[in-house]
Amino acid sequence: MNVSIGHSSAASLSMTRGAVLHINATTPLRSKSKFPFLFSLSFSTTTSRATRATASMSYHKQLAAAKKAASVAARLCQKVQKALLQSDFQSKSDKSPVTVADYGSQAIVSFILEKELTSIPFSLVAEEDSGDLRKEESRETLHRITELVNDTFASDGTIGISPVSEEDVLKAIDTGKSEGGPHGQHWVLDPIDGTKGFLRGEQYAIALALLDEGKVVLGVLACPNLPLSSIARSNLSSSEDKAGCLFFAEVGAGTYMQSLDGSPPTKVHVSSNENPEEASFFESYEAAHSSHDLSGLIATKLGVKAPPVRIDSQAKYGALSRGDGAIYLRFPRRGYIEKIWDHAAGYIVVAEAGGVVNDAGGKPLDFSKGRYLDLDTGIVVTNPKLMPALLKAVQESISEKASSL
């Protein structure tokens, strides 16, 4: 059954067997609203209770495997970072520790997902491949990675994976060569998101998500250095604040947080703040990753009084999902193309916590195009109440900066 919604809109409702409601808006409403694109937002977050329940029942096994994989990978990364920070001779500009942790994390996630999900075809879209590790000059690095992977497995008797060889590690890393796309299921992994934060001893994340027919249906963010309490009440550099968060979300089931050492999970929700002046916002620590000037202009237009919180990695998505701040802005340098592993897990963690993640033009992110995101200028994240004002400020600020060039 198809039902048109008024002659002024090209939106339609289509009912399929099982009373599942699909809503599509192909053109804006003809109204006086300054934000016609918000029509799609108001419907994209609305799903029938039956549909949400069905969706949430479908991925329990995959979510359990993803939580296990990300948590174990986080242990390897913590061990490498601790050794890096305790070393008197290790230069912070030396990328070898993060290289070892990056490859080791990807190998662990691949090993665990394949072991836990034997009945499901395995496809992984990930950042790394084994090309450099197969070179003669990388033999020592590969040996260190293999040792770390085996030590990590051996330290947890519940994993049940026998010692792996260097060739096993190379093959596990290379499972990440999938191109993803709109059909089938594909895991999406950033084994260490926030490499510079990792080297500084600060924020990074193991970010793992699952796509099903091009849609993100679950996500896990392991954030070893993120305080369990709100950033607004914590000192990010203080060792007194207990740290180590695991955020996880499943389509239709909400977003939860627990400690990496296994505390009971608690449901989280984005900030309900409606006043832009009271909204704090996150942005990337590195200016090369996001235009701080543009973010500052947007904040001024909104009347935001608090200074920005700058931290690395998708830990920002996790912090936003529990209401630490109200806005996340990301405007990468011209020519930079966002990869799906940089946002997939964070996207669903925020969305299932009641937030909205759009590009600068107000469109939802599309993860069905392969390894890259096709975006309008940047990414804006907030709650539904603040999004209209935020998008207005974003578009005005982008226009002002363009006209000043």
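Figured I'd write up the structure that's included with this text. Everything quoted here is computed from the prediction, not taken from an experiment. (Residues numbered from 1 in each chain as written. Predicted model: local features only at pLDDT ≥ 70, side-chain atom pairs only at ≥ 80, totals over all residues. Heavy atoms only, no water.)

Remarks on the sheet that holds strand S11 (residues 281–284)
Here is step 1: If you walk across this open sheet you meet the five strands as S12-S11-S13-S15-S14, and the pairing is mixed. This sheet does not close on itself; its edge strands, each paired only once, are strand S12 (309–311) and strand S14 (356–359). Across the sheet, the mean angle separating the axes of adjacent strands is 20 degrees when strand polarity is ignored.
Here is step 2: Sheet analysis places S11 next to strand S13 (residues 327–330), joined by two bridges and oriented parallel. From the neighbouring strand, Phe-281 faces S13, where its bridge partner is Ile-327.
Here is step 3: Packing of helix H11 (residues 387–404) onto the sheet brings it into contact with S13, S14 and strand S15 (379–382), and relative to S15 it is tilted by some 155 degrees. (Pairing = 2+ DSSP bridges. Helix = DSSP H or I, 4+ residues; strand = E, 2+ residues; numbered from the N terminus. Axes fitted to C-alpha atoms, helices over the stretch in contact; angles between N-to-C directions. Contact = heavy atoms within 4.5 Å.)

Quick look at helix H5 (residues 139–154)
Here is step 1: When the terminal C-alpha atoms of H5 are compared, their 23 Å separation across 16 residues agrees well with the 22 Å that a helix rising 1.5 Å per residue should span.
Here is step 2: Buried residues of H5: Leu-142, Ile-145, Thr-146, Leu-148, Val-149, Asn-150, Thr-152 and Phe-153, and no others.
Here is step 3: Of the surrounding secondary structure, the elements contacted by the buried residues of H5 are helix H3 (60–86), helix H4 (96–116) and helix H6 (166–174). (Expected span 1.5 Å × (residues − 1). Buried < 20%, exposed > 50% of the residue type's maximum accessible area, 1.4 Å probe, protein only.)

Some thoughts on the packing of aromatic side chains
Here is step 1: For the coordinates displayed, the defined rule picks out five aromatic pairs.
Here is step 2: Pairing Phe-111 with Phe-153 gives two aromatic rings, centres 6.0 Å apart and planes at 75 degrees, and the pair type is edge-to-face. Placement of Phe-111 in helix H4 and of Phe-153 in helix H5 is noted, with a sequence separation of 42 residues between them. In this pair, the class of Phe-111 matches that of Phe-153, namely buried.
Here is step 3: Summarising the aromatic geometry, the rings of Phe-248 and Tyr-256 are spaced 5.8 Å apart at their centres and angled 15 degrees between planes, so their arrangement reads as stacked.
Here is step 4: Judged by its relative accessible area of 7%, Phe-248 falls in the buried class.
Here is step 5: The exposure class of Tyr-256 is partly exposed, given its relative accessible area of 27%.
Here is step 6: Across the ring face of Phe-248, the terminal group of Lys-67 is positioned such that the distance to the ring centre comes to 3.8 Å. (Phe/Tyr/Trp six-rings, centres within 6.5 Å; stacked < 30°, edge-to-face > 60°. Lys NZ or Arg CZ within 6 Å of the ring centre and 35° of its normal.)

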